[in-house]
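# Structural characterization, general
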Amino acid sequence: MKRLVEKSLLGQAWVLSDSIDFGAGTDFSDDLVKKILAGRGFVTQQDIDKFLSPTIKEYMPDPFVLRDMEVAAKIIADAVCAGKKIAVYGDYDVDGITSTAVMVKYLQALNVDVLWHVPTRDGEGYGLNIAAIDDILANGAQVLITVDCGISCVKEVEYAKQHGMTVVVTDHHSPDNVLPKADAVVNPKRSDDESGLNYLAGVGVAFLTLVAVNRELRQCLQGDRAELQSKINLMDYLDLVSLGTVCDTMPLVGLNRAFVTTGLKVLDSRKNLGLRVLMDVAGVKHASVYVEGFVLGPRLNAAGRLDSAKPALDLLLTDNPLVARALAEKLNDMNKDRIDIQNAIMFGATEQAELCCKNGKCSLFICGYNWHGGVMGIIAGRLKDKYNRPACVATKIDGVINGSGRSVANVDLGKIIHNALSLGIVSEGGGHAAAAGFSLPVEKEQEFADFLEKSVIEQLGNNTIVPEIIVDAEMDASGASMNLVNKLSVLAPFGQGNPEPELVLNSAVLKYAVTMGNGSHLKGRIMTSLGGQVEFVGFNLVGTPVGDFLLDDANTNTTISMLGKLKDNEYNGHRGVQFMLEDIAIG
């Protein structure tokens, strides 16, 4: 790798993923796409073709490659054929809600007697709980299927088994040292699982479980129910699979890339009534990763963050247009309330984060009194992005600290939380590399903060001083064109694990910059070495060294290098190229 900039105005090093340097006037061709893919590890033509055409047929594995899947599929299929009552137990985030919806919709399509439960964040917390199991038992369920949870619920699974239930756990979170003694445990992160699918979201695991169950049911279903099964098209559920995968920030590689690519097409077809109405309420016309992650996801998440996730799950399951409209509007209003709560807490959290950075911390542990627990993860994510450090944000209520964390590359936060759990530092916890949740008594607050900092330093090694931004291509600013935007679009869908190409535009002469929006954003224009002009927009850059430099009239006509992403901008019927500015370097 080649360092383009040792330290930008935002204090970042720009590192080129491959030695690609395009001069002024270069005719950008498909070769650029190949070089970007090469920098991301796709070298052979076969790998490139497979990546650029991510079909379900190409990527779908035999679901039985997952450990215990054959046992799980047979248990569920036998329960369906025997007419047993089945309970589906999920989680309150989007991955958990979509996982539950996929499983329930399939079983309902077969006229199975099915009930479902998603816990409340504050009242019940993550995972199985005894009270909920008692309620499920009281309602006559004989088989319990967990989705996006259950891998750490050893005692709860044992309790369900002791009371006569057959239990199938499907999950994607990192296991503890001891697995629950369920009848089947399907989790690609099991140490003895060799499927290579450990990047799947919970909804991805649930979907593969249904693929396996659907296969098993062909052996035992007869008559009317066999006819019902023949009418089920599992591909119709991929809008939910895509939504859960994107919102759980899973890497968009391999099977996930196929899930999302196909799922976006299904979402655009608007087959799911609840999602169709939610898109209408949110003013969305076309599906995209952005729409899933930043429009639909926050609205579905708002219910679980502020109260109960039930309205969100009900929306995904309903076939009644009037009910769907009422639920969608309720979720939209709840999301507005969530934003107000989040903004109020963010102010105090930022003050604490600034102090951590001033003291040279490599991690952020932010804690406040009586903060709303439902927005801890969002704020952790914002702080992680702003300060480029793993961030854990928590609230103290009645002697207990409950929080969520979000992590940066090269720091496995889920592993840190699991280690803290095994050492007795936290009383509850779990998650994966990018995100985790935890609980601990207030008297262990400092111990947890110290353990977090020590663990982050150990994982980072020497990479703790200057954050590095991986650049996909460096070029003269004259290469920024709609032609290039169109060629780069073949790399979509973009997201975790497959980010939009990060570009550096050199020889850009600043012509002007002004503030826009609420005053925290800016826009402007640069001139290229060939005399062309490129518009740029920078969000949340006012008040930063970048914003201060660009807005200073004394810097007009200064040559700069710009880091960011190239976009297709449509405004008042006019389409043009726009550079989404993230950072600059002088010269």
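Residues numbered from 1 in each chain as written. Predicted model: local features only at pLDDT ≥ 70, side-chain atom pairs only at ≥ 80, totals over all residues. Heavy atoms only, no water.

Another point: the overall build of the protein. When its secondary structure is counted, the protein shows 20 helices and 20 strands. Over its C-alpha trace the protein gives a radius of gyration of 25 Å, about what one expects of a compact globule, namely 25 Å for 587 residues. Expressed as lengths along the three principal axes of its C-alpha atoms, the size of the protein is roughly 75 × 55 × 45 Å. For the protein, buried positions account for 53% of its 587 residues. Considering only residue pairs separated by 6 or more positions, the protein has 67% of its internal contacts joining residues 24 or more positions apart. Carbon and sulfur atoms provide 48% of the accessible area of the protein, an area that totals close to 25,000 Å². (Helix = DSSP H or I, 4+ residues; strand = E, 2+ residues; numbered from the N terminus. Rg over C-alpha atoms; globule rule 2.2 N^0.38 Å. Buried < 20%, exposed > 50% of the residue type's maximum accessible area, 1.4 Å probe, protein only. Contact = heavy atoms within 4.5 Å. Areas by Shrake-Rupley, 256 points an atom, 1.4 Å probe, with all protein chains shown as cover.)

It is worth spelling out a negative patch on the surface at this point. Residues Glu329, Asp333, Asp337 and Asp340 make up a contiguous surface patch of negative charge. Counting through the fold element by element, Glu329 comes out in helix α15 (residues 321-358). (Patch = residues over 30% accessible without salt bridge, like charges linked within 9 Å, V, L, I, M, F, W, Y side chains within 5 Å. Salt bridge = Lys/Arg side-chain N within 4 Å of Asp/Glu carboxyl O. Lys, Arg positive; Asp, Glu negative; His and termini not counted. Charge placed at Lys NZ, Arg CZ, Asp CG, Glu CD.)

With respect to the helices, strands and loops of the structure, Pro119 is situated in the loop between β5 (114-117) and α6 (130-138). Assessed through its relative accessible area of 0%, Pro119 is described here as buried. Here the alpha-carbon distance between Pro119 and Val80, two residues 39 residues apart in the chain, equals 25 Å. The residues touching Pro119, leaving out its near neighbours within four places in the chain, are Tyr89, Gly90, Asp91, Tyr92, Glu124, Gly125 and Gly127.

Between helix α12 (residues 273-281) and helix α13 (residues 289-306), the least distance of the axes is 10 Å, while the angle of their chain directions is 110°. One way to sum up the angle between α12 and α13 is to call them roughly perpendicular. For the pair α12 and α13, contact is made by Leu275, Leu278 and Met279 and by Leu296, Arg299 and Leu300, respectively. A per-class count over the contact of α12 with α13 returns five nonpolar, no polar and one charged. (Axes fitted to C-alpha atoms, helices over the stretch in contact; angles between N-to-C directions. Parallel < 35°, antiparallel > 145°, perpendicular 65-115°, else oblique. Nonpolar A, V, L, I, M, F, W, Y, C, P; charged D, E, K, R; others polar.)

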